[in-house]
Amino acid sequence: MAEQEKNKIEVKIYGSTYKLVGSESIGHLRLVASIVDDKMNELKSHNPSLNTTQLAVLTAVNTVHELLKLKEEVERLEEELKKLKG
């Protein structure tokens, strides 16, 4: 099986440069970096005393929370769809 081509891009997140590599499009990788950067900057504006590590962890916690809420919503909608079909 052939390995999927990897896209590589340099992005800036909260003032630091990172090299991202993934099978997703360059646009997708840029969007991910932009969202992380935006979230870190938003958190910093509300919590100026946090250092970069604390901001990164808080950004990760908030992002995982959002992911879990979205998964719960997808499951709820799938159940609702099953009931409507059944």
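For the structure itself, consult the block above.
Conventions and cut-offs
- Residues numbered from 1 in each chain as written.
- Predicted model: local features only at pLDDT ≥ 70, side-chain atom pairs only at ≥ 80, totals over all residues.
- Heavy atoms only, no water.
- Axes fitted to C-alpha atoms, helices over the stretch in contact; angles between N-to-C directions.
- Helix = DSSP H or I, 4+ residues; strand = E, 2+ residues; numbered from the N terminus.
- Left-handed = near helix turned anticlockwise from the far one by under 90°.
- Contact = heavy atoms within 4.5 Å.
- Nonpolar A, V, L, I, M, F, W, Y, C, P; charged D, E, K, R; others polar.
- Core = buried A, V, L, I, M, F, W, Y, C linked by side-chain atoms within 4.5 Å.
- Buried < 20%, exposed > 50% of the residue type's maximum accessible area, 1.4 Å probe, protein only.
- Expected span 1.5 Å × (residues − 1).
- Arc of directions from axis to C-beta.
- Polar contact = N/O pair within 3.5 Å; in protein donor to acceptor, adjacent residues only side chain to side chain.
- Salt bridge = Lys/Arg side-chain N within 4 Å of Asp/Glu carboxyl O.

**Description of the packing of helix α1 (residues 26-46) against helix α2 (residues 52-85)**
Move 1: It is at 9 Å that the axes of α1 and α2 come closest, and there the two elements cross at 115°. Pair α1 / α2 crosses with right-handed handedness. On the side of α1, the interface is formed by Val36, Lys39, Met40, Leu43 and Lys44, while α2 contributes Thr52, Leu55, Ala56, Leu58, Thr59, Asn62, Thr63 and Glu66.
Move 2: When the residues that make up the contact of α1 with α2 are grouped by side-chain class, the tally is 6 nonpolar, 4 polar and 3 charged.

**Quick look at the nonpolar core**
Move 1: Counting 9 residues, the largest nonpolar core consists of Ile9, Val11, Ile13, Leu29, Ala33, Met40, Leu43, Leu50 and Leu55.
Move 2: For this core, the elements supplying multiple residues, two or more each, are β1 (7-13) and α1.
Move 3: Take this core: its biggest share by element is 4 residues, from α1.
Move 4: What Val11 contacts, discounting residues up to four positions off in sequence, is Ser16, Thr17, Tyr18, Leu20 and Ala33.

**Concerning the side chain of Thr59**
Move 1: Looking at the secondary structure, you find Thr59 in helix α2.
Move 2: When near neighbours in sequence (up to four residues on either side) are disregarded, Thr59 contacts Val36, Lys39, Met40 and Leu43.

**Digging into α1**
Move 1: The end-to-end C-alpha distance of α1 is 31 Å, a good match for the 30 Å that 21 residues give at a rise of 1.5 Å each.
Move 2: Listed in full, the buried residues belonging to α1 are Leu29, Ala33, Asp37, Met40 and Leu43. The buried side chains of α1 occupy one side of the element, clustering within an arc of 130° when seen end-on. In α1, those exposed residues whose orientation departs by more than 90 degrees from the buried face are Ser45 and His46.
Move 3: On its buried face, α1 is in contact with β1, β2 (16-22) and α2.

**Examining unusual backbone geometry**
Move 1: One non-glycine residue, Tyr14, lies in positive phi territory at about 50°.
Move 2: In this fold, Tyr14 is placed in the loop between β1 and β2.
Move 3: The exposure class of Tyr14 is partly exposed, given its relative accessible area of 22%.

**Here we look at α2**
For an α-helix, 3.6 residues make a turn, and residues three or four places apart therefore share a direction.
Move 1: With 34 residues, α2 should cover 50 Å at 1.5 Å per step; its first-to-last C-alpha distance of 49 Å lies within 8% of that length.
Move 2: Backbone nitrogen of Thr53 and a side-chain oxygen of the N-cap are separated by 3.0 Å at the start of α2; the cap is Asn51.

**Focus: the pattern of salt bridges**
Move 1: Scanning all chains against the criterion turns up 5 salt bridges.
Move 2: Note that Lys82 is salt-bridged to Glu79, the shortest N-O span being 3.7 Å. Highlighted residues: Lys82 and Glu79, both in helix α2, separated by 3 residues, approximately one helical turn.
Move 3: Glu79 sits in the partly exposed class, given a relative accessible area of 42%.
Move 4: Each of Glu73, Arg76 and Glu80 takes part in one network of salt bridges that share partners.

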